[in-house]
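Spelled out, the chains give:
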Amino acid sequence: DTAVSQTPKYLVTQMGNDKSIKCEQNLGHDTMYWYKQDSKKFLKIMFSYNNKELIINETVPNRFSPKSPDKAHLNLHINSLELGDSAVYFCASSQDRDGGDKAFFGQGTRLTVV
Amino acid sequence: AQKVTQAQTEISVVEKEDVTLDCVYETRDTTYYLFWYKQPPSGELVFLIRRNSFDEQNEISGRYSWNFQKSTSSFNFTITASQVVDSAVYFCALSSNRDDKIIFGKGTRLHILP
């Protein structure tokens, strides 16, 4: 039973394309996140949703649009992909929004833009 | 602003040696949480420990131990009798009740040499 699952695991695409990464959690958590890990392994939060409501948007370009159809899903859509978008994207979830709960991470999606 | 500093970018030790990974944090909040995550070569993020700011007791879990010292704003992680399987990138992280996100340090890449 995978707690937080992301698809696809690998994504290779050309510049200018639009792509989506899906995330689902079966833990019953209220809060979900997207993190970006760059080539230097630096992990930075992009978005946070609590019960389908956006609560954090860390000055991410508006080419990135998260969508939460229900609290178990948080998908990430990226328009007009650029070379600099190449990274590993991690979805995560936690029970509460107060930051005190540990986050469970998906296995990551390695996005390569060529 | 909240910040996590892992000054050691990369460490190499020979198997069976003890190794300590340093973590220094900054926060103005009185209630906060500290975490350690492990990222093995396979790429997933594995939760190791969470500590809240009111609990300064050190913790030991098998070969792993954590030393939380509020006086120096540090939350160091020691691996005793290291093994090759401990080779990974280790992230220290911080969150607080006022902030709905976990902030990560830049990670320490640990190489355990056989």
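Residues numbered from 1 in each chain as written. Chains lettered and ligands numbered in written order. Predicted model: local features only at pLDDT ≥ 70, side-chain atom pairs only at ≥ 80, totals over all residues. Heavy atoms only, no water.

1. A word on the pattern of salt bridges
Reasoning step 1: Within the structure shown, the criterion is met by eight salt bridges over all chains.
Reasoning step 2: Residue Arg51(B) pairs with Glu59(B) through a salt bridge whose shortest N-O separation is 3.1 Å.
Reasoning step 3: A relative accessible area of 29% means that Glu59(B) is categorised as partly exposed.
Reasoning step 4: In this structure, a network of salt bridges that share partners links the residues Lys44(A), Glu58(A) and Lys101(B). (Salt bridge = Lys/Arg side-chain N within 4 Å of Asp/Glu carboxyl O. Buried < 20%, exposed > 50% of the residue type's maximum accessible area, 1.4 Å probe, protein only.)

2. Digging into the layout of surface pockets
Reasoning step 1: Estimates place the volume of the largest pocket at around 420 Å³.
Reasoning step 2: Residue lining of the largest pocket: 26 residues in total, with Lys41(A), Arg110(A), Gln39(B), Pro41(B) and Gly43(B) positioned closest to the centre.
Reasoning step 3: Of all the elements in the fold, those that place two or more residues in the lining of the largest pocket are β9 (87-94) and β11 (109-113) of chain A together with β10 (88-96) and β12 (108-113) of chain B.
Reasoning step 4: Here the residues of the lining of the largest pocket sort into 10 nonpolar, 11 polar and five charged. (1 Å grid on protein atoms, 1.4 Å probe; cavity = no way out; pocket = protein on both sides within 12 Å on 5 of 7 lines; lining within 4 Å. Points joined across faces, edges and corners; volume = space filled by probe spheres on them. Helix = DSSP H or I, 4+ residues; strand = E, 2+ residues; numbered from the N terminus. Nonpolar A, V, L, I, M, F, W, Y, C, P; charged D, E, K, R; others polar.)

3. Digging into the interface of chain A and chain B
Reasoning step 1: In this complex, chain A contributes 21 residues to the contact, which on the side of chain B involves 21 residues.
Reasoning step 2: When residues of chain A are sorted by the area they lose upon contact with chain B, Lys41(A), Leu43(A) and Lys102(A) head the list and together hold 25% of the total.
Reasoning step 3: Of the charged contacts, one joins Lys101(B) and Glu58(A) as a salt bridge, the two residues approaching to 2.8 Å between their closest N and O atoms.
Reasoning step 4: Linking chain A to chain B there are four residue pairs in polar contact (both at pLDDT 80 or more).
Reasoning step 5: Looking at the side of chain A that touches chain B, the elements that each hand over two or more residues are β4 (31-37), β5 (43-50) and β6 (53-57) of chain A.
Reasoning step 6: Across the side of chain A that touches chain B, the residue classes tally to 10 nonpolar, five polar and six charged. (Contact = heavy atoms within 4.5 Å. Buried area = accessible area lost by both parts, 1.4 Å probe. Polar contact = N/O pair within 3.5 Å; in protein donor to acceptor, adjacent residues only side chain to side chain.)

4. Details of the packing of aromatic side chains
Where two aromatic rings form a pair, the distance of their centres and the angle of their planes describe that pair.
All names here are of chain B.
Reasoning step 1: By the definition in use, this model includes 19 aromatic pairs over all chains.
Reasoning step 2: With a centroid separation of 6.3 Å and 50° between ring planes, the pair formed by Tyr 25 and Phe 68 is classed as tilted. You can see Tyr 25 sitting in strand β4 (residues 24-26) and its partner Phe 68 sitting in strand β8 (residues 64-69), a full 43 residues away along the chain.
Reasoning step 3: Classification of Phe 68 as buried rests on a relative accessible area of 2%. (Phe/Tyr/Trp six-rings, centres within 6.5 Å; stacked < 30°, edge-to-face > 60°.)

5. Considering the confidence of the model for chain B
Reasoning step 1: Of the residues in chain B, 99% reach a pLDDT of 70 or more, and the chain-wide mean stands at 93.
Reasoning step 2: Across chain B, strand β3 (residues 19-21) of chain B holds the top mean pLDDT of 98, while strand β11 (residues 99-104) of chain B sits lowest at 82. (pLDDT = per-residue confidence, 0-100.)

6. Comments concerning unusual backbone geometry
Glycine aside, residues mostly have negative phi, and peptide bonds are mostly found in the trans state.
Reasoning step 1: Cis geometry is adopted by the peptide bond preceding Pro8(A), which originates at Thr7(A) and carries an omega value of 0°.
Reasoning step 2: Position of Pro8(A) among the secondary structure elements: in the loop between β1 (4-7) and β2 (10-13).
Reasoning step 3: Its identity is not glycine, yet Asn51(A) carries a phi of approximately 45°, on the positive side.
Reasoning step 4: Residue placement: Asn51(A) occurs in the loop between β5 and β6.
Reasoning step 5: Note on Asn51(A): relative accessible area 40%, which makes it partly exposed.
Reasoning step 6: Here Lys16(B), not a glycine, exhibits a phi torsion of approximately 85°, which is positive.

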